[in-house]
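# Observations on the model geometry
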Amino acid sequence: MSIIVNLDVMMAKRKMSLNELSEKVDITLSNLSILKTGKAKAIRFSTLEALCKALDCQPGDLLEFRE
Amino acid sequence: MQLTSKQILGALQVLTWIAFIGLCIETGAILITTSISLFFHPEAAADLYLGLDLSALLHYSRWYYVQVTSLIIALYALKAYMVFHLIQILQQINLVHPFSQTIAHLISRLSRIAIGTAVLSFIANGTVDWLQKHVVELPNLNEHIGDGAAYLFFAGIVYILAQVFNRGMEIQSENELTV
């Protein structure tokens, strides 16, 4: 898919582990892993909002479009 | 007390098992009596299964007799095979995640078997009609041969269901991969 999820990059920038993020945004580890590995087919606005809040970033920092 | 889907599925499973065993018995019984009438006692052709009398046909021609009984046995066997698939579908179905690859394959296969049964039923009806017109008087075989059009209709419905199931599987996987 040409939409890349840069969750791992933002997590590294904020020095946050997957477990920590999972607790903060109340999303299971398996779902975060789906998102991180790029297997996700869709993302809810509520999830995006929670991630942006927890990582103190914009949706554009998490999602990227590449041809 | 209201019946839940799980209870209905359980009852359906019991009913399909009964139908499957019944059809296996019918197939086996006709197969055995046909073999007996062909190789040991030709008089067995007078009552092949529940009064099915094909003795006149056997007296006229052994080849026509083998042809008609083979068609009847094949149709019973195909019906049993269809019900066996239905049992497998009922066993595999999971109401939490109803759309699975296994069930989609089983439903597609069921529709193909139903098409085969319909074709065979048309052939059997044609053969019996031709024999009745040109060769020898036969008893009413509708009960044993069935209606080809009904099988074809069933196959069509099951085929549509298989397509809906495939689409359902895509939607389910999309839903599971939505975070």
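Refer to the structure presented above.
Okay, so let's go over this structure. (Residues numbered from 1 in each chain as written. Chains lettered and ligands numbered in written order. Predicted model: local features only at pLDDT ≥ 70, side-chain atom pairs only at ≥ 80, totals over all residues. Heavy atoms only, no water.)

### Some thoughts on the overall build of chain A
Within chain A, the secondary structure is distributed over five helices and two strands. Relative to its length of 67 residues, chain A is compact, with a C-alpha radius of gyration of 11 Å against a globular reference of 11 Å. Along the first, second and third principal axes, the C-alpha set of chain A runs to 35 × 20 × 20 Å. Sorting the 67 residues of chain A into buried and exposed places 33% on the buried side. Counting contacts in chain A only where the partners sit at least 6 residues apart, residues at least 24 apart contribute 61% of the total. Surface accessibility of chain A: about 4,500 Å² in total, with carbon and sulfur atoms responsible for 52%. Where the 10 positive side-chain charges of chain A centre and where its 9 negative ones centre are 3 Å apart. (Helix = DSSP H or I, 4+ residues; strand = E, 2+ residues; numbered from the N terminus. Rg over C-alpha atoms; globule rule 2.2 N^0.38 Å. Buried < 20%, exposed > 50% of the residue type's maximum accessible area, 1.4 Å probe, protein only. Contact = heavy atoms within 4.5 Å. Areas by Shrake-Rupley, 256 points an atom, 1.4 Å probe, with all protein chains shown as cover. Lys, Arg positive; Asp, Glu negative; His and termini not counted. Charge placed at Lys NZ, Arg CZ, Asp CG, Glu CD.)

### Quick word on the nonpolar core
If you look at the biggest cluster of nonpolar residues, it comprises 31 residues, and the most contacted ones within it are Leu54(B), Leu57(B), Tyr65(B), Ile72(B), Leu138(B) and Leu141(B). Only α1 (5-39), α2 (55-60), α3 (62-92) and α4 (101-134) of chain B provide two or more residues apiece to this core. Among the elements that take part in this core, α3(B) stands out by supplying eleven residues, more than any other. Among all residues touching Leu141(B), those that are not within four sequence positions of it are Leu52(B), Leu54(B), Val68(B), Ile72(B) and Val128(B). Residues Val5(A), Ile34(A), Leu48(A) and Leu62(A) belong to the second largest nonpolar core, which totals 20 residues. (Core = buried A, V, L, I, M, F, W, Y, C linked by side-chain atoms within 4.5 Å.)

### What to know about the pattern of salt bridges
All names here are of chain A. Taken as a whole and judged by the stated rule, the model has three salt bridges over all chains. A salt bridge links Glu49 to Lys53, with the shortest nitrogen-to-oxygen separation between them at 3.8 Å. Of this pair, Glu49 and Lys53 are both found in helix α4 (residues 45-55), four residues apart, which corresponds to roughly one turn of the helix. Among the residues examined, Lys53 registers a relative accessible area of 66% and is labelled exposed. (Salt bridge = Lys/Arg side-chain N within 4 Å of Asp/Glu carboxyl O.)

### Some words on the side chain of Thr69(B)
Residues and elements named next belong to chain B. Inspection of the secondary structure puts Thr69 in helix α3. On the basis of relative accessible area, Thr69 is assigned to the buried category, the value being 2%. From its side chain, Thr69 meets the backbone oxygen of Tyr65 in a polar contact 2.7 Å long. Residue contacts for Thr69: discarding those within four places in its chain leaves Thr34, Leu48 and Leu54. (Polar contact = N/O pair within 3.5 Å; in protein donor to acceptor, adjacent residues only side chain to side chain.)

### Details of the state of the cysteines
Residues and elements named next belong to chain A. Under the criterion given, the structure shown has zero disulfides over all chains. Between Cys57, a free cysteine, and Cys52, which holds the nearest cysteine sulfur, the sulfur-to-sulfur gap is 4.5 Å. In this structure Cys57 comes out as buried when scored by relative accessible area, which is 9%. (Disulfide = S-S within 2.5 Å.)

On their own, these measurements won't tell you what the molecule is for.
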